[in-house]
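Here is what each chain is made of, one letter per residue.
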Amino acid sequence: MRIFDIRARCLQAPCIPWSGSWPKAFEVSSLLLILVLTTQWSIVAIAQVPAASPRSLPLAPADALQQFELLPDLRIELAASEPQVVDPVTVRFDHKGQMWVVEMRDYPTGPEQDQLFQGRIKVLIDHDRDGYFETSHLFADSLVFPTGLQPYRDGVIVTLAGEVAYLEDTDGDYQCDKIVTWFSGFSKENEQLRANHPTWTLENQIHVASGLRGGEIQSHQAHWVPLDRPVSLAARDFSFSPFGGNWQAVAGNSQYGYFQDDAGRSFVCSNRNPCDLLVADALQVQSNPLLPINLWSANVMPAAESSKVFPLVNAWTTSNLHAGQFTAACGVFRYQSDLLSGTLHNDYFACEPTGSLVQRYRQVSDGIVPRAERGREDIEFLASRDPWFRPVDLTDGPDGAMYVVDMHRAVIEHPAWMPTELQAREDLRWGNSAGRIYRITSSHQPKALRLPFDFAATTPTQWVAVLSSPNRWARVTAQRKIAEAMHVEPSLAVVQSLRDYVHQSSSSQLSSEHCPGLSLALWLLQDANELTPDDLKRALQSHDAHVRFQVVRLLALHKNQWRGQHDFDTMFTDDISPLVRYQWLLEFAPEIESTKTDRIIAAVLQRETDSAGDMLWISKALSLLNTTTANDFLRSIDQQRLEISFVTLQPLLNRLGFEGSSSVLSTLIASQTSADTITKRLQAFADGMVLQDRTWDAVLAEIPPELRPAAAERIDGFVNSEREVIVDETATIADRLAALQRIGLDRSPETLELCRDFVATQHDDLFIESLQILKQSQDMDLDVRLLERIHELPPRSTLAALNALIDNPLWAVRLLDAIEADSIPLGLIDPTSMGRLERSSHEEIGARVKRLLAGRKAVSKEEVLQRYATTLLEPPNLTAGKQIFAKQCASCHRLAEEGFVVGPDISDMRTQSPQQLLNSILDPNRAIDANFFRYVLLTVDGQVIEGLLEESNTTSVTLKAQEGVKRTVLREQVEELRATGVSMMPEGFENQLDPTAMRDLIGYVKRWRLMSGDIPLGE
């Protein structure tokens, strides 16, 4: 069914806000589509109505202001505009109240021909304090794609293309006369997926959002500790001390935006995730490889399909499936200043430039993860009827107002994600001379910029009191200026002022506005190497859980230095706040001694104030306990007959099973609790064993001999009960499959015989899991049974059978024998499987495959593409295409509730021409997204595992392969891990699909939604 796509869109939303939305003025005409559904492409009748000419110039600032709708009782004002500022992407205020602006004038693809790079940093000043920054100084010019800055000393820390640099004004003339590269190696593969938002944090570090693409980071100054190798930012953000010393990868991987709130909690964002909270850092959770760092974040604002946006403009998203949702979230922010505290206090915000709006969520309750709800139902906090309004970042200023950075362009889109025929259209650079920065203030406040404190005329000891300011700019600026001063000239007077502040603030009944200052003071003492146990004990008296939360973090930094000298455990575990108890477990669980199981019980026992969400995170932190302490903990709760839910224990039991702990298994078996409880715990333990391919025999062999018979009898009973579930056809497939995975740990003759029956009779998940069990047990006749059935199996089962045959060199040889004997058609072998055979570590197998393929006529890739392209003009058979997708593509892609999400999202290909899809299928390595490189892992015992790199840390590596199957390998078992530089998408589909089949497949991928008769808008 062919339907002419009137507004071609790109495949994915890039960084800053970069997601496609076409201005309505760019329409050449209004089009009425009358769709006639047929089994062919389609018949389309088009009625054309002349439309207005495209608007190639922005509205005047005064006119643009009239297009906004804003929360009542608030007022939006113009703080700066062109020509003072052009293409702004972020702003920050220094200690003088001056506005520093980053201009990305080369958007979207760099300078035009024969021009230099045009990235700039400007300093804007409001001399008359009327709220409009009328004076503009060009601080730095000809920069290569600057993306963010942080004021520091007499200059700014800046993220540029591939690096973090320090730009300084040494003579006070507002012009940069010193540039020093501090770090380099950040990815530069796309102009909009780069490091950004350097931010001064509570810990007196600089946090840099990685822009999703990461990099291999190197330092360029001697005062940073030299490392043996570059710091890898795979799925990580970057952090360093501006004063030298430490630098490291940290949790984050934020796309464009980063915000740390008063509590010291970090929030990140990406296109589909407007506001995510980081609940742990990588080093804290590395003791549980089953919960990698990407599982330690939580949505504070709804994400992806759960998100809803209500634009006032006719916004066309990059994917039809994402209409009405966030597609370009950026600039995550939380308002915690004074001017608007009566209206916006502690609210969360994110920009959506595609819809020309800013969304707001109100905090309803606090906890380990705050709970928030929409500010207004079906109405956005700020929205414009002007489609050129492109909000990309938010901040608060010295006056306590909220500032909105408007890049102000007709199109926010990168040509890399556009169809070729649209990459040179004229509107791409409309707006190259425009830019707006707005201030949101109270409608009852005068139009003036109020500076709450004069840092230039005061001293560091006077700045300490400013830490208590309700104005966020004032207190965080005071923190930064104190840290800078102390690193230039340490002062005992400042240290004493900070200590006095901590002790006085902790003992007095302070309102919540003062509490952020207490945390700031503690971290400033830490940064000056002056923090003492007494300081922390005093701070523990604070009524603010967020302060006590910081005390736990600070104590963790000194746990080796102060070990055994001070007992903080009771204070933390008896704390009513789940946030404090969670953080105590997170920081100390791996090294808590077994003698302190009573403290652990106190920390995890559910309280009336603990929500289900809080208990979820406490259970995750509990899973980090070391094995000895975990075993004593399990024994203690049974001996004391305490009611701790199975859900709370499940992550811990999964990890202990993954480790194959015989001592814990003994405890579970010897438990005096109910039979149902024992069964559930054994199931959780077994689920972990499955992930590491351990067997019951191997774990039982490590149990003391005198306990082994009784343990074996209990396990036999457990396995028999699981076997009953497997053969129960009234049970759900999910329950039967889970039970089958668990009895696969048994490897007894009874289990293997049951698996043989399933391989001979089934063709679904039970077949695939039985096949894995038999493969691992080296069942001698398995290859014969598979070769006999492979013709009749559905696609997923065929792929599983091929993988089993290829994994065993002897069976792979027999597979090739069958192909050469024409008993199995070569076309049955998918390109990925053929590639694995060709790359076999056994030279004979690889050589045979090469000879087999060499018999085909060698043609160039261009010839293949040309031959297939002619067929694309013919009407496709969508039903046939659906069958081909299930067989050839569903193991890595998902459409219409069928398949697995491994490769890129292909659920909306309306904007891709058939030719583009053909190029991607037949020449997948021409343009590869780094997120989909194939990685190869070699284990110390010679196993070769291929897949996408999902997680890599000091403890384990996780790869995701076809059908979403994940393999986690402990670091000690990894011989080599390398990126191949080629796509997970295999080459050679021309050997499996003739041109007609390819036409049908592409037709289905583009139009699969239309088969149901449900026609999405725009089709």
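The structure under discussion appears in the preceding block.
Visitor: Which parts of the structure should I look at to understand the overall build of the chain?
Guide: The helix and strand tally for the chain stands at 31 helices and 37 strands. Within the chain, the proportion of its 1019 residues that are buried is 58%. Long-range pairs, those at least 24 residues apart, make up 66% of the contacts in the chain with a sequence separation of at least 6. Accessible surface, the chain: about 40,400 Å² in total, of which carbon and sulfur atoms supply 51%.

Visitor: How should the nonpolar core be read in this particular structure?
Guide: Considering soluble globular proteins, one finds that nonpolar side chains tend to be buried as a cluster. Counting residues in hydrophobic clusters, the biggest one holds 237 residues, and the most contacted among them are Phe240, Phe381, Phe633 and Trp696. When residues no more than four places from it in sequence are discounted, the contact partners of Phe381 are Glu69, Leu70, Leu71, Leu74, Leu344, Phe349, Val358, Gln359, Arg360, Arg376, Met402 and Ile440. Counting 25 residues, the second-largest nonpolar core is a separate cluster that includes Leu872, Ile906, Ile1002 and Trp1008.

Visitor: Help me understand the sheet that holds strand S17 (residues 237-240) in this model?
Guide: Sheets are built from strands that pair by backbone hydrogen bonding, the pairs being arranged parallel or antiparallel. Taken together, 4 strands build an open sheet; the order of strands is S13-S14-S17-S18 and the sheet is antiparallel. In this open sheet, the two edge strands, each paired with only one partner strand, are strand S13 (196-200) and strand S18 (247-250). The sheet shows a mean angle of 20° between the axes of neighbouring strands, direction not considered. Bridge count between S17 and S18: 4 bridges; the pairing is antiparallel. The residue of S18 that forms the bridge with Phe238 is Ala249.

Visitor: Honestly, empty space enclosed by the protein in this entry has me stumped. Any pointers?
Guide: Over the atoms, a rolling probe the size of a water molecule traces out where space has been left empty. Throughout the structure, instances matching the rule amount to 2 cavities of 30 Å³ or more. Taken as a whole, the largest cavity spans an internal volume of roughly 530 Å³. The wall of the largest cavity is formed by 31 residues, among which Gln150, Thr199, Trp200, Arg472 and Val476 lie closest to the centre. Secondary structure elements with two or more residues in the lining of the largest cavity: strand S5 (88-93), strand S9 (148-152), S13, strand S19 (258-260), strand S23 (330-334), strand S28 (391-396), helix H5 (472-488) and helix H7 (515-527).

Visitor: Would you take a moment to explain the pairing of strand S26 (residues 371-374) for this structure?
Guide: The side chains of a regular strand alternate, first on one face of the sheet and then on the other. Sheet topology places strand S25 (residues 357-365) next to S26; 4 bridges connect them, and they run antiparallel. Note on S26: the bridge partner recorded for Arg362 is Glu373. As consecutive antiparallel partners, S25 and S26 are separated by 5 residues.

Visitor: Help me understand the packing of aromatic side chains, please; the structure alone is not making it clear to me.
Guide: Two descriptors summarise a pair of aromatic rings, namely the distance from one centre to the other and the angle between the planes of the rings. Inspection of the entire model under this criterion finds 34 aromatic pairs. On the numbers, 5.6 Å between centres and 75° between planes, the contact of Tyr152 with Tyr166 is edge-to-face. Taken together, the residues Tyr152 in strand S9 and Tyr166 in strand S11 (residues 163-168) connect sequence positions 14 residues apart. Note on accessibility: Tyr152 and Tyr166 belong to one class, buried. Seen in terms of ring centroids, Phe455 and Trp473 are 5.7 Å apart; in terms of plane orientation they differ by 80°. Their pairing is edge-to-face. Of the two residues, Phe455 sits in the loop between strand S30 (436-442) and helix H4 (460-466) while Trp473 sits in helix H5, which places them 18 residues apart along the sequence. Here the aromatic cluster, defined as three or more aromatic residues joined through ring pairs, consists of Tyr152, Tyr166, Trp182, Phe183, Phe186, Trp200, Trp224, Phe238, Phe240, Phe243 and Trp247.

Visitor: Explanation requested: the pattern of salt bridges in the structure shown.
Guide: Two side chains that carry opposite charge are able to pair once their charged atoms sit near each other. All told, the structure shown has 46 salt bridges when counted by the stated rule. As a salt-bridge pair, Glu484 and Lys481 come within 3.5 Å of each other at their nearest N and O atoms. Taken as a pair, Glu484 and Lys481 lie in helix H5 at a separation of 3 residues, close to a single helical turn.

Visitor: What am I meant to see in helix H9 (residues 545-557) here?
Guide: Residues that lie three or four places apart on an α-helix share one face, since the helix turns once every 3.6 residues. Along its 13 residues, H9 runs 19 Å from first to last C-alpha, staying within 8% of the 18 Å computed at 1.5 Å per residue. The buried count for H9 comes to 12 of 13 residues, which makes it a mostly enclosed element. Listed in full, the buried residues belonging to H9 are Ala545, His546, Val547, Arg548, Phe549, Gln550, Val551, Val552, Arg553, Leu554, Leu555 and Ala556. Turning to H9, the residues buried within the fold contact H7, helix H8 (533-539), helix H10 (569-573) and helix H11 (578-588). The backbone nitrogen of His546 has a side-chain oxygen 2.9 Å away, supplied by the residue at the start of H9, namely Asp544.

Visitor: Is there a simple way to think about unusual backbone geometry in this case?
Guide: A negative phi angle is the norm for most residues apart from glycine, just as the trans form is the norm for most peptide bonds. Going from Glu82 to Pro83, the amide bond is cis rather than trans, its omega being 10°. Take Pro83: it is sitting in the loop between strand S4 (74-81) and S5. A positive phi is found at Asn204, a non-glycine position, where the angle reads about 60°. Topologically, Asn204 is positioned in the loop between S13 and strand S14 (206-209). Residue Arg641 is not a glycine yet carries a positive backbone phi of 55°. As for its placement among the helices and strands, Arg641 is situated in the loop between helix H14 (627-639) and helix H15 (646-659).

Visitor: What's the story with the sheet that holds strand S15 (residues 215-219) in this structure? I'm lost.
Guide: Taken in spatial order, the 6 strands of this open sheet run S9-S10-S11-S12-S15-S16, and their pairing is antiparallel. Two strands bound the open sheet, and with one partner strand each, they are S9 and strand S16 (231-232). Where strand S12 (residues 178-186) meets S15, 3 bridges bridge the pair, whose relative direction is antiparallel. Bridged to Phe186 within S15 is Gly215.

Visitor: What exactly am I supposed to notice about the packing of helix H22 (residues 765-776) against helix H23 (residues 782-789) here?
Guide: For any two helices packed against each other, the geometry comes down to the angle between their axes and how far apart the axes lie. Axis separation between H22 and H23 bottoms out at 11 Å; the angle between their running directions is 150°. For the element pair H22 / H23, the angle class is roughly antiparallel. On H23, the residues that touch Phe767, Leu771, Leu774 and Lys775 of H22 are Leu782, Leu786 and Arg789. Residues belonging to the contact of H22 with H23 are distributed by class as follows: 5 nonpolar, no polar and 2 charged.

Visitor: Is there a simple way to explain the environment of Asn925 in this structure?
Guide: With respect to the helices, strands and loops of the structure, Asn925 is situated in the loop between helix H30 (914-922) and strand S33 (933-939). Taking the relative accessible area as the measure of exposure, Asn925 reaches 26% and is therefore partly exposed. For the pair Asn925 and Ser983, spaced 58 residues apart in the sequence, the C-alpha separation amounts to 5.8 Å. When near neighbours in sequence (up to four residues on either side) are disregarded, Asn925 contacts Val982, Ser983 and Glu987.

Quick notes on the rules
Residues numbered from 1 in each chain as written. Predicted model: local features only at pLDDT ≥ 70, side-chain atom pairs only at ≥ 80, totals over all residues. Heavy atoms only, no water. Helix = DSSP H or I, 4+ residues; strand = E, 2+ residues; numbered from the N terminus. Buried < 20%, exposed > 50% of the residue type's maximum accessible area, 1.4 Å probe, protein only. Contact = heavy atoms within 4.5 Å. Areas by Shrake-Rupley, 256 points an atom, 1.4 Å probe, with all protein chains shown as cover. Core = buried A, V, L, I, M, F, W, Y, C linked by side-chain atoms within 4.5 Å. Pairing = 2+ DSSP bridges. Axes fitted to C-alpha atoms, helices over the stretch in contact; angles between N-to-C directions. 1 Å grid on protein atoms, 1.4 Å probe; cavity = no way out; pocket = protein on both sides within 12 Å on 5 of 7 lines; lining within 4 Å. Points joined across faces, edges and corners; volume = space filled by probe spheres on them. Phe/Tyr/Trp six-rings, centres within 6.5 Å; stacked < 30°, edge-to-face > 60°. Salt bridge = Lys/Arg side-chain N within 4 Å of Asp/Glu carboxyl O. Expected span 1.5 Å × (residues − 1). Polar contact = N/O pair within 3.5 Å; in protein donor to acceptor, adjacent residues only side chain to side chain. Parallel < 35°, antiparallel > 145°, perpendicular 65-115°, else oblique. Nonpolar A, V, L, I, M, F, W, Y, C, P; charged D, E, K, R; others polar.

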